[in-house]
Amino acid sequence: MAHEFRIEDQVYTRFTFERDGRVLRAIITSDHPVNGVDGPMHDELARVFTDLQRDSESDIIVLTARGRAFCAGGDFAWFQQQIDDPASFRAIAWDAKRIVTSLLEMEKPLLCRLNGAAAGLGATIALLCDIIVADERALIGDPHVKVGLVAGDGGAMIWPQLIGYARAKELLMTGDMLTATEAKALGLINHAVPGAQLDAKLGEIIAKLQGNPKWAVRWTKTVTNIPLRALAAQMMDAAIGWESVSNYLGDRREAVAAMAEKRAPNLTGE
């Protein structure tokens, strides 16, 4: 008899889980108003996708969030802690890589229900899902540079694969945000629909997946992800390394302070 593993039996403080038959919703559930990533959430992101793969009672995963945002990237208090203690940033490097690799290694179909804004790591997580269905009012982007960081936790890897290098580099280097409608037009996401139609569109896609043989679907995804897994193996050590270096810089400290104080940054190039 196969070993039974239920994700509800694991301890999570930043996620809740809901089942509908063999479909499992993993819901980012945080006290942060825009589901910003803090230390505990980062820890859980590094293991949740492995646990979702191991869950014995599900075949399809829907990743979404509670509240008005999906995940708006790093929490500013956490940013300041990392600036004040750079060793704490260095300490999360392994987990940062594991978030990306565990997403790409998951065999089960992973659908993103993008209920609101996704920025930075939040955007990376959404874009590493297999099918992304967004509320047309949602915003998505990778503004790492605006807080003085290299887009090293997956953004520099996945954006060019989805929309090409020219458009990806412009968006990554400016940190501009896109509406879901703009993102769909670029081919960054699959669908942008009115919020009231979000679940109906997801249900339509889930029904199509469930109408196909399960293992054919899973392993088609697995084979399709092989080049992305190889790319992650090539890039992520350097990407996280350069992001760690950027955390030491003066402009990083100033950019975070300016954001917190809601003023223009006084950048020096240091």
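Structural notes, computed from the coordinates. Bear in mind the structure is a predicted one, so any value in this text is a computation, not a measurement. (Residues numbered from 1 in each chain as written. Predicted model: local features only at pLDDT ≥ 70, side-chain atom pairs only at ≥ 80, totals over all residues. Heavy atoms only, no water.)

### Digging into the overall build of the protein
Stated formally: Put simply, DSSP H or I for four residues or longer makes a helix, DSSP E for two residues or longer makes a strand, and each gets a number counted from the N terminus. The globule rule is 2.2 Å times the number of residues to the power 0.38, and the radius of gyration it is compared with is taken over C-alpha atoms. Any pair of residues with heavy atoms lying within 4.5 Å of one another is described as a contacting pair. Neither His nor the chain ends contribute to the count of charged residues, in which Lys and Arg are positive and Asp and Glu negative. The atoms used to mark charge sites are NZ of Lys, CZ of Arg, CG of Asp and CD of Glu.
Broken down by element type, the protein carries 12 helices and 10 strands. A compact globule built from 270 residues should have a C-alpha radius of gyration of about 18 Å, and the protein, at 18 Å, falls within 12% of that. Its C-alpha atoms give the protein principal-axis dimensions of roughly 60 × 40 × 35 Å. For the protein, contacts bridging at least 24 residues in sequence account for 73% of all contacts bridging at least 6. Computed over 29 positive and 35 negative side-chain charges, the separation of the two mean positions in the protein equals 4 Å.

### Considerations on the packing of helix α4 (residues 93-105) against helix α11 (residues 226-246)
The cut-off we apply is this: Note on definitions: angles span 0 to 180 degrees between N-to-C directions of axes, and those axes are lines fitted to C-alpha atoms, for helices only across the stretch in contact. By definition in this entry, angles of less than 35 degrees are roughly parallel, angles greater than 145 are roughly antiparallel, angles of 65 to 115 are roughly perpendicular, and the rest are oblique. Left-handed describes a crossing whose near helix is turned anticlockwise from the far helix through less than a right angle; right-handed describes the clockwise counterpart. Three classes are used, and their members are as follows: Ala, Val, Leu, Ile, Met, Phe, Trp, Tyr, Cys and Pro are nonpolar, Asp, Glu, Lys and Arg are charged, and the others, Gly among them, are polar.
Interhelical geometry of α4 versus α11 gives an angle of 165° and a closest axis separation of 10 Å. As judged from the angle between their axes, α4 and α11 are roughly antiparallel. Between α4 and α11 the crossing geometry is right-handed. From α4, Ala93, Ala96, Lys97, Val100, Leu104 and Glu105 reach across to α11, where they touch Leu228, Arg229, Ala232, Met236, Asp237 and Ile240. For the contact of α4 with α11, the per-class residue count stands at 8 nonpolar, no polar and 4 charged.

### A look at the sheet that holds strand β8 (residues 139-141)
Through backbone hydrogen bonds, the strands of a sheet pair up, either in parallel or in antiparallel fashion. Our working definition: Following DSSP output, two strands are said to pair if at least two bridges run between them.
Pairing is mixed across the open sheet formed by 4 strands, whose spatial order is β4-β6-β8-β9. Edge strands, defined here as strands with exactly one partner in the open sheet, are β4 (69-71) and β9 (177-179). Here the average twist between neighbouring strands, direction ignored, is 20°. As paired elements, strand β6 (residues 117-119) and β8 share 2 bridges and run parallel to each other. Bridge pairing in β8 places Ala118 opposite Ile140.

### Observations regarding the pattern of salt bridges
Condition: In the sections that follow, a salt bridge refers to a side-chain nitrogen of Lys or Arg positioned within 4 Å of a carboxyl oxygen of Asp or Glu.
Enumeration over the complete set of coordinates arrives at 23 salt bridges. A salt bridge links Glu204 to Lys201, with the nearest nitrogen and oxygen atoms 3.1 Å apart. In this pair, Glu204 and Lys201 are both assigned in helix α9 (residues 198-210), 3 residues apart and thus about one turn of the helix distant. Between Glu261 and Arg263 there is a salt bridge, with the nearest N and O atoms lying 2.6 Å from each other. Because the salt bridges share partners, they merge into one network encompassing Arg6, Glu8, Asp9, Arg19, Asp55 and Glu57.

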